[in-house]
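# Analysis of the macromolecular model
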Amino acid sequence: MRTELSSRMGIEHALFGFTPFPAVAAAISRAGGFGVLGAVRYRAPGDLARDLDWMEEHTDGRPYGLDVVMPARRAEGVTEADVEAMIPPGHRRFVQETLARYGVPALAEGDPSGWRITGWMEEVARTQLDVAFDYPVKLLANALGPPPADVVDRAHRHGALVAALAGSARHAARHADAGVDIVVAQGYEAGGHTGEIATMVLTPEVVRAVDPLPVLAAGGIGSGEQIAAGLALGAQGVWLGSLWLTTEEAALPSRALTAKLLAAGSGDTVRSRALTGKPARQLRTAWTDAWDDPAGPGPLPMPLQGLLVAEALTRIQKYEALPLLGTPVGQIVGAMDSVRSVQAVVDDLTRGFERAVERLRAVVPPSGGTSRRQPGEGGHDATHRAAPCDAPQEDTTP
Ligand SMILES: Cc1cc2nc3c(=O)[nH]c(=O)nc-3n(C[C@H](O)[C@H](O)[C@H](O)COP(=O)(O)O)c2cc1C
């Protein structure tokens, strides 16, 4: 699975993996892909430095990247306490009532109230960058809009490429104007924050909008056949997030959550504002149902919702309140039905990719697709026109 971009990045497969877990990111890089560690959940700079030290020791010198969530617009001087003060008391009551309905105990005295998604705050994201630039990160990805110009410059001076996620061709064009090197076209099927356009439609739109910048297809990719589809749509690689959640290296908070993911079908996710205030695809649970219920108060906008529900999510995870227990995950969860090592997943992806390429070779003759149907032969013209094998073979061969 080699493309111009994978050669430029010095990786074997044009396979980029987003994950919040250092052990998964390192294993993706070791397996010949490009592991990208999500930084949004790190609060203390020391914790991020500790995990980047660990990555350095466990990536065998292979390249890896970091994903931050940095808003393009600055909320000057706004602190976490200011944001907390904006949360209406009725919403706080709703959280407590919902937890009480499912018998979720309170945290014990001194328990960390933990899992606050504060990495979206610019001050936190910038602290993370200060740490990251002490390490040889080769890619800096940004989730919320184009990264600020000074961050792009700093990354380039550091020798890192900059990527940004886009849910529409318009977003992608803005990223290109901001000087990013790679655009991740992330479709509606994806886990986490998503737009409303499916990967199949979005990828070629983004490829056209940012040409000649390389594009990674993301959202709903969990097999080598789907990787081949992404490359056929013009992407120079793929970016996967959900699939790694059920790998042996993933450190999910509980076995119960892994079991829920393994049991879930592709229709068991929902795009809901329950987690952060912006639409994010996640497992559908009693928690998302409560927030999406028109009879309830409804989610607050980002960043208020994330702060409002932080302690509740910690309690739900700690006490394994099954009906409420969830995680961001995409529709590909329906294909995640066993726990395997990252290496086994990558092997499976490369085998599936080979199968897909073989299948396409069988529909298009190696001469370049000039076969003419005789009158009366079956088949559609579209099959003959869709000729990804016209592309140079060295670009698509694993
Ligand atoms: C558990 C989880 C957390 C995510 N968190 C982030 C994040 O912090 N930053 C980000 O850029 N993308 C995040 N994403 C989105 C991924 O980067 C990726 O675009 C997406 O997972 C691709 O679609 P897929 O889930 O169908 O593979 C997250 C995805 C998942 C599943």
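If you're wondering where the values come from, they're calculated on a predicted model, not measured in any experiment.

What follows concerns the pattern of salt bridges. Pairs can form between side chains of opposite charge once their charged atoms are near each other. Counted according to the given criterion, the structure contains 13 salt bridges. With its nearest N and O atoms 3.7 Å apart, the salt bridge here joins glutamate 196 to arginine 271. With glutamate 196 in the loop between strand E7 (192-193) and helix H9 (199-210) and arginine 271 in strand E10 (residues 269-272), this pair connects stretches of sequence that are 75 residues apart. Arginine 271 gets classed as partly exposed once you look at its relative accessible area, which sits at 25%.

Take the pairing of strand E11 (residues 280-283) next. Relative to E11, E7 runs antiparallel, the two being bridged by 2 bridges. From the neighbouring strand, histidine 193 faces E11, where its bridge partner is alanine 280. Bridge count for E10 against E11 is 4 bridges, and the pairing is antiparallel. Within E11, the position partnered with valine 270 by the bridge is glutamine 282.

Bringing the site of the ligand into the picture now. Near the ligand you find 15 residues, and of these Asp67, Gln186, Gly220, Gly241 and Ser242 are the closest. Within the contact set of the ligand, an oxygen atom lies 3.4 Å away from a backbone nitrogen or oxygen of glycine 219. Within the side chain of serine 242, one N or O atom sits 2.5 Å away from an oxygen atom of the ligand. Alone, the ligand offers 600 Å² of accessible surface; in the complex the protein occludes 95% of this. Among the residues forming the shell around the ligand, the class breakdown is 8 nonpolar, 6 polar and 1 charged.

Now for the nonpolar core. Core analysis: the largest hydrophobic core is formed by 59 residues, its most contacted members being Trp244 and Trp287. When contributions to this core are tallied by element, the ones reaching two or more residues are helix H2 (22-30), helix H5 (89-101), helix H10 (224-232), strand E9 (237-240), helix H11 (255-263), helix H12 (286-292), helix H13 (304-318) and helix H14 (342-363). For this core, the two domains that each supply at least three residues are domain 1 (2-70 + 119-245 + 342-387) and domain 2 (81-115 + 252-332). Those residues in contact with tryptophan 244 that sit more than four places away from it in its chain are Leu15, Gly17, Phe18, Val24, Ile28, Ala250, Val342, Val345, Val346 and Leu349. Among the nonpolar cores identified, the runner-up in size contains 36 residues, and Ala26, Leu37, Ala39 and Val210 belong to it.

Another point: H10. If you check which residues of H10 are buried, you get Gly224, Ile227, Ala228, Gly230 and Leu231. Along the long axis of H10, the arc covered by the buried residues comes to 155°, so they all point the same way. Next to the buried residues of H10 lie strand E1 (15-19), H9, strand E8 (215-218), E9 and H14. Downstream of H10 by a residue or two, glycine 234 has a phi angle that is positive, lying close to 110°.

The next subject is the sheet that holds E10. Strand order in the open sheet formed by 3 strands is E7-E11-E10, with antiparallel pairing between adjacent strands. The open sheet has two free edges, formed respectively by E7 and E10, since each of these has just one partner strand.

We now examine unusual backbone geometry. Residue proline 212 follows aspartate 211 across a cis peptide bond; omega there is 10°. Mapped onto the secondary structure, proline 212 falls in the loop between H9 and E8. One non-glycine residue, aspartate 60, lies in the positive phi region at around 50°. On the basis of relative accessible area, aspartate 60 is assigned to the exposed category, the value being 58%.

All right, on to the confidence of the model for the protein then. Here the protein shows a mean pLDDT of 89. Residues at 70 or above account for 87%. When the criterion is pLDDT under 50, residues 371-398 qualifies, and its contacts beyond four places in sequence or with other chains add up to 30 contacts.

Now for the environment of proline 328. With respect to the helices, strands and loops of the structure, proline 328 is situated in the loop between H13 and H14. Taking the C-alpha atoms as reference, proline 328 lies 9.4 Å from arginine 271; in sequence the two are 57 residues apart. In contact with proline 328, not counting residues within four places along its chain, are Gly192, Leu245, Leu275, Arg281 and Gln282.

Consecutive side chains along a regular strand alternate between the two faces of the sheet. Residue alternation in strand E4 (residues 139-142) divides its side chains into two sets, Leu139 and Ala141 and Leu140 and Asn142, and both sets are buried. Sheet topology note: the strand E3 (residues 64-68)/E4 ladder contains 4 bridges and is parallel. By the bridge assignment, valine 68 is partnered in E4 with asparagine 142. Summarising the sheet, E4 and strand E5 (residues 161-166) pair through 4 bridges and their orientation is parallel. Opposite leucine 139, over in E5, you have leucine 161 as the bridge partner. Crossover connection from E4 via helix H7 (residues 149-158) to parallel E5: handedness right-handed.

Our next topic: the packing of helix H8 (residues 169-177) against H9. At their nearest, the axes of H8 and H9 sit 9 Å apart, and the two run at 35° to each other. Once H8 is placed against H9, the crossing between them reads as right-handed. Residues Ala169, Ala172, Ala173 and Ala176 of H8 touch H9, and the partners they reach there are Leu202, Glu205, Val206, Ala209 and Val210. Counted by class, the contact of H8 with H9 contains 8 nonpolar, no polar and 1 charged residues.

About the cut-offs
- Residues numbered from 1 in each chain as written.
- Predicted model: local features only at pLDDT ≥ 70, side-chain atom pairs only at ≥ 80, totals over all residues.
- Heavy atoms only, no water.
- Salt bridge = Lys/Arg side-chain N within 4 Å of Asp/Glu carboxyl O.
- Helix = DSSP H or I, 4+ residues; strand = E, 2+ residues; numbered from the N terminus.
- Buried < 20%, exposed > 50% of the residue type's maximum accessible area, 1.4 Å probe, protein only.
- Pairing = 2+ DSSP bridges.
- Near = heavy atom within 4 Å.
- Polar contact = N/O pair within 3.5 Å; in protein donor to acceptor, adjacent residues only side chain to side chain.
- Areas by Shrake-Rupley, 256 points an atom, 1.4 Å probe, with all protein chains shown as cover.
- Nonpolar A, V, L, I, M, F, W, Y, C, P; charged D, E, K, R; others polar.
- Core = buried A, V, L, I, M, F, W, Y, C linked by side-chain atoms within 4.5 Å.
- Domains from an automatic or database assignment.
- Contact = heavy atoms within 4.5 Å.
- Arc of directions from axis to C-beta.
- pLDDT = per-residue confidence, 0-100.
- Right-handed = clockwise from strand over helix to strand, strands pointing away.
- Axes fitted to C-alpha atoms, helices over the stretch in contact; angles between N-to-C directions.
- Left-handed = near helix turned anticlockwise from the far one by under 90°.

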